[in-house]
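An overview of the molecular structure
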Amino acid sequence: MLENTPTQSTMTELLGQPLFAVWQELCSAIDEKYDMERLWNTGGKNWVYEYKYRRGGKTLCSLYAKKNSLGFMIIFGKDERVKFEEIRETLSDPVCRQYDEATTYRDGKWVMFEPTDTYEFDDYMKLLAIKRKPNRK
């Protein structure tokens, strides 16, 4: 756990204004549909920060930040990968490509997206719905 949550200015400085705007939009889109616990953490060896959405000990997704770079990760378990295939034709090519190229570990397929704009947010919301039905009306 992080002792100090990064401020907006820290995040703007780290990501740059355009990406910080994408970060904020993505968080808003998730917050609009999901009532989740939100946890800040260090980003491990590849990222500066991790911002995780979870509930009941289960992670929905995580956002990552480092200098001029934003990551959005969803881990798909076995059953969730089946559901992905069921909606694949409704998703954009870049999203499917990212999914196909992701490594599958024994605990799931770890898919890291690196959004630079808001184009694929609709797809991201479809992917999150595979993991968990939205719980906000």
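Read on for a plain summary of the structure. Every value quoted in this text rests on a predicted model; they were computed, and no experiment measured them.

1. Thoughts on the layout of surface pockets
Each pocket or cavity is described by its volume, and for the largest pocket that value is around 350 Å³. Along the wall of the largest pocket there are 18 residues; nearest its centre are K58, T59, L60, I75 and K131. Within the residue set of the lining of the largest pocket, elements represented by two or more residues are strand 2 (49-55), strand 3 (58-66) and strand 4 (69-76). Here the lining of the largest pocket is composed, by residue class, of eight nonpolar, three polar and seven charged.

2. Some points on the sheet that holds strand 5 (residues 103-105)
To summarise the sheet geometry, strands pair through backbone hydrogen bonds and adopt either a parallel or an antiparallel arrangement. Within the open sheet, the six strands sit side by side as 1-2-3-4-6-5. Their pairing is antiparallel. Edge positions in the sheet fall to strand 1 (37-42) and strand 5, since each has one partner strand and no second. Strand-to-strand twist in this sheet, taken as the mean axis angle between neighbours without regard to direction, amounts to 25 degrees. Two strands pair when backbone bridges link them, and strand 3 and strand 4 are joined in this way by five bridges, in the antiparallel orientation. Bridging across to strand 4, L63 finds its partner in F72. Where helix 2 (residues 17-33) meets the sheet, it contacts strand 1, strand 2, strand 3 and strand 4, and its direction lies at approximately 170 degrees from that of strand 3. Helix 5 (residues 121-131) contacts strand 3, strand 4 and strand 6 (108-113) of the sheet and is inclined by roughly 35 degrees relative to strand 4.

3. Quick word on the packing of aromatic side chains
Aromatic ring pairs are reported here in terms of the distance separating the ring centres and the angle at which the planes meet. What the rule picks out here adds up to 14 aromatic pairs. On the numbers, 4.5 Å between centres and 40 degrees between planes, the contact of W40 with Y51 is tilted. With W40 in strand 1 and Y51 in strand 2, this residue pair connects regions lying eleven residues apart in the sequence. Take W40 and Y51: they sit in the same class, and that class is buried. Where F76 meets F84, the ring centres are 6.1 Å apart and the plane angle is 70 degrees; that geometry is what we call edge-to-face. With respect to burial, F76 and F84 carry one shared label: buried. Aromatic rings pair up to connect W23, W40, Y49, Y51 and Y53 into one cluster. Taking the ring centre of Y99 as reference, the NZ or CZ of K109 above it sits at 5.0 Å.

4. Structural notes on the packing of helix 2 against helix 5
The interhelical angle for the contact between helix 2 and helix 5, taken along N-to-C directions, is 40 degrees, at an axis separation of 11 Å. By the angle between their axes, helix 2 is oblique relative to helix 5. Classified by chirality, the crossing of helix 5 by helix 2 is right-handed. Touching V22, E25, L26, A29, I30 and K33 of helix 2 are F121, Y124, M125 and L128, all from helix 5. Among the residues making up the contact of helix 2 with helix 5, the classes are represented as eight nonpolar, no polar and two charged.

5. Digging into helix 1 (residues 8-15)
Residues M11, L14 and L15 constitute the buried set of helix 1. Angular distribution of buried residues about the axis of helix 1 spans 80 degrees; they occupy a single face of the element. The exposed residues of helix 1 that point more than 90 degrees off its buried face are S9 and E13. Those residues of helix 1 that are buried are in contact with helix 2, strand 1, strand 2, strand 3 and strand 4. Just downstream of helix 1 lies G16, where phi reads positive at about 90 degrees.

So, how was this worked out
Within each chain, residues carry numbers counting from 1 in the order of the written sequence. Per-residue local features are limited, in this predicted model, to residues with pLDDT of at least 70; the limit for side-chain atom pairs, both in listing and counting, is 80 or more; totals at the level of whole chains, interfaces and linings are taken over all residues. Each side-chain value is worked out from all heavy atoms of the structure, with water and hydrogens disregarded. Within this scheme a cavity is a closed region of a 1 Å grid, computed over the protein atoms alone, that accommodates a 1.4 Å probe without allowing it to escape, whereas a pocket is open but has protein on both sides within 12 Å along at least five of seven lines; lining residues each have an atom within 4 Å of a point. Grid points are joined across faces, edges and corners, and a volume is the space filled by probe spheres set on the points. Secondary structure elements follow DSSP: runs of H or I of four or more residues count as helices, runs of E of two or more count as strands, with numbering from the N terminus. Only Asp, Glu, Lys and Arg are considered charged, only Ala, Val, Leu, Ile, Met, Phe, Trp, Tyr, Cys and Pro nonpolar, and every remaining residue, Gly among them, polar. Between any two strands, pairing holds if DSSP finds at least two bridges. Geometry is summarised by axes, namely lines fitted to C-alpha atoms with helices restricted to the contacting stretch, and by angles between N-to-C directions that run from 0 to 180 degrees. Contacts are assigned to residue pairs that have any heavy atoms within 4.5 Å of one another. Stacked, edge-to-face and tilted labels apply to pairs of Phe, Tyr and Trp rings (six-membered ring for Trp) whose centres lie within 6.5 Å, assigned for plane angles under 30 degrees, over 60, and everything in between, in that order. A simple rule labels every residue: compare its accessible area, found with a 1.4 Å probe on the protein chains alone, to the largest value its type can have, and call it buried under 20%, exposed over 50%, or partly exposed in between. Cation placement over rings: the criterion is NZ of Lys or CZ of Arg within 6 Å of the ring centroid and within 35° of the ring normal. For classification, angles of less than 35 degrees are called roughly parallel, those exceeding 145 degrees roughly antiparallel, those between 65 and 115 degrees roughly perpendicular, and all remaining angles oblique. Handedness of each helix crossing follows the sense of rotation of the near helix against the far helix: counterclockwise by less than a right angle gives left-handed, clockwise gives right-handed. Note that the arc is computed from the directions linking the helix axis to the C-beta atoms.

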